[in-house]
Amino acid sequence: MTGIIHYLETGSVDPDFNLAFEEHVLLSRRDATYLMLWQNDNTIVLGQNQNAEAEIDQRFVREHGIRVARRTTGGGAVYHDLGNLNYSFMADAGDSSHLMLERFTLPIVEALRGLGLDASASGRNDIVVDGRKVSGTAQRLAGGRVLHHGTLLFDSDPSLIAGALRVNPQKFRAKRAQSVRGRIGIIRECLARRGCDMTLPEFWAYLKEALAGDGLVPDELDDGELDLVRRLKAEKYDSWEWVFGRSPAYDLRNRRWWSGGELEVRASITRERIADIRFFGDFLSLVPLGTLTDELVGCPYRRDAVREVLERQAIGALFGGITMEEVLSTVFPS
C-alpha cells in the first residue's frame, strides 16, 4: 500500500461488535485510507448471500460453543479463532470497473514473503503458502469507498475449521484436494518448517509494520462513534434475522429410524422460517398431526424455537414411542 494509512483496532474479540465497527468505518470515515487488524473468538462468519444451514455443521457448532455471524461482503464461510488474525482495508474505490483484489492482496502476499514464505494469490480470492490456503478475502463497494478484508490463519485449530464448516466436495475436487483439512495452511507451521517461529503478537506487530505504506497514523473512534457502533451491533449484527433470516429458501428432507418407529420430515424453509412441514412414518400416533404442523409454520428454523412448540404438544400422542429429542434430531439432522 502507498500513502499515509490510518490504523485502528477494535479492542474486542466479539464478532458482532467487530463487524459493526468495520461497517461504521467504511460508511462514516471517508477521509483517508484505513487499516484494521482484529480478532474474533471462536466464530463462523458467513458471507452475505450464504445459506446458514447449508454451510454450518450445527451440531458441531453447538457442542464446541462456536458463534455464528454474518458479514456484509460476499464469498464463503470462514472460521475465526484467536489463532487467526483478520485485516481490513477501507479506501477510495477509484474506478470501480478496475477494482481488483490484487490491489489489496499483493501487500499481504509481500508481507508473507518477507517472512521467507512461498506465498501467492490463488483462484478468485485466496492467498496460499506452499499451495495451502492461509487466507480468504472479500470486498464490498459503498458510496465510492471499498472494504477489502481477509483472514490470516496464523495458529488456528484445523480440526475446528474442518468440523464446523460444511463444504461442497465439488469445490475440493476442482482444486484436487480431498478434504477441508487437506487444503488448510497454518502460517506458524509453515514458518516452523523453515526453522523459525514467532508468536501471534509478534506476527501482528510485524504485519502492522509491513502494511504501513508511507506511514501509519494511530487512530481511534470517539465515544459518539462507539455508541453508533454498539447500536449497529444491537440492531443488525446481533439479530437472528440478519444472521439466519437472510438465508435463501431451501427444502429439507430427512428420515430416521428410532426404536419407536420410522420418522421422516419434509419441510420448506424460507428466510430460515418454516414455510411448510410434514411428518411421515410408521410411528404409532394417536391423534392427527395437523395442529402441530400448523403451529410450526412461521416458526424460526431453530432448534430452541421448534422445541418450544413441541413442548406445548402431547408428544406421546403425536409420535407414539418417538421422543421429543428424537423428533428434534430428525428435524435438525446436523
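Residues numbered from 1 in each chain as written. Predicted model: local features only at pLDDT ≥ 70, side-chain atom pairs only at ≥ 80, totals over all residues. Heavy atoms only, no water.

Draft legend 1. Here's a closer look at the packing of helix α1 (residues 15–28) against helix α10 (residues 223–237). One way to put it is that α1 packs onto α10 with a least axis distance of 8 Å and a crossing angle of 120°. On the basis of the axis angle, α1 is oblique to α10. For α1 against α10, the interelement crossing comes out right-handed. Where α1 approaches α10, its residues D16, F17, L19, A20, F21, E23 and H24 are matched on the opposing element by E225, L226, L228, V229, R230, L232, K233, K236 and Y237. By residue class, the composition of the contact of α1 with α10 is nine nonpolar, one polar and six charged. (Axes fitted to C-alpha atoms, helices over the stretch in contact; angles between N-to-C directions. Helix = DSSP H or I, 4+ residues; strand = E, 2+ residues; numbered from the N terminus. Parallel < 35°, antiparallel > 145°, perpendicular 65-115°, else oblique. Left-handed = near helix turned anticlockwise from the far one by under 90°. Contact = heavy atoms within 4.5 Å. Nonpolar A, V, L, I, M, F, W, Y, C, P; charged D, E, K, R; others polar.)

Draft legend 2. Representation of the pairing of strand β12 (residues 250–258) in the model. Of the pairings in the sheet, the one linking β12 to strand β13 (residues 261–270) comprises nine bridges and is antiparallel in character. The residue bridging Y250 from the neighbouring strand is I269, located in β13. (Pairing = 2+ DSSP bridges.)

Draft legend 3. Molecular detail of the domain arrangement of the protein. Domain boundaries in the protein define domain 1 (5–243) and domain 2 (248–331). Between the C-alpha centres of domain 1 and domain 2 the distance comes to 38 Å. The interface of domain 1 with domain 2 comprises seven residues on the first partner and nine residues on the second. Carbon and sulfur atoms make up 55% of the surface buried where domain 1 meets domain 2, a total of about 710 Å² over both sides. For domain 1, the biggest contributors to the area lost against domain 2 are N51, E53 and W240; these three give 71% of the whole. On the surface where domain 1 and domain 2 come into contact, there are one salt bridge. R273 is the partner of E241 in a salt bridge, and the nearest nitrogen-oxygen pair spans 3.9 Å. For the interface between domain 1 and domain 2, the tally reads zero residue pairs in polar contact (both at pLDDT 80 or more). (Domains from an automatic or database assignment. Buried area = accessible area lost by both parts, 1.4 Å probe. Salt bridge = Lys/Arg side-chain N within 4 Å of Asp/Glu carboxyl O. Polar contact = N/O pair within 3.5 Å; in protein donor to acceptor, adjacent residues only side chain to side chain.)

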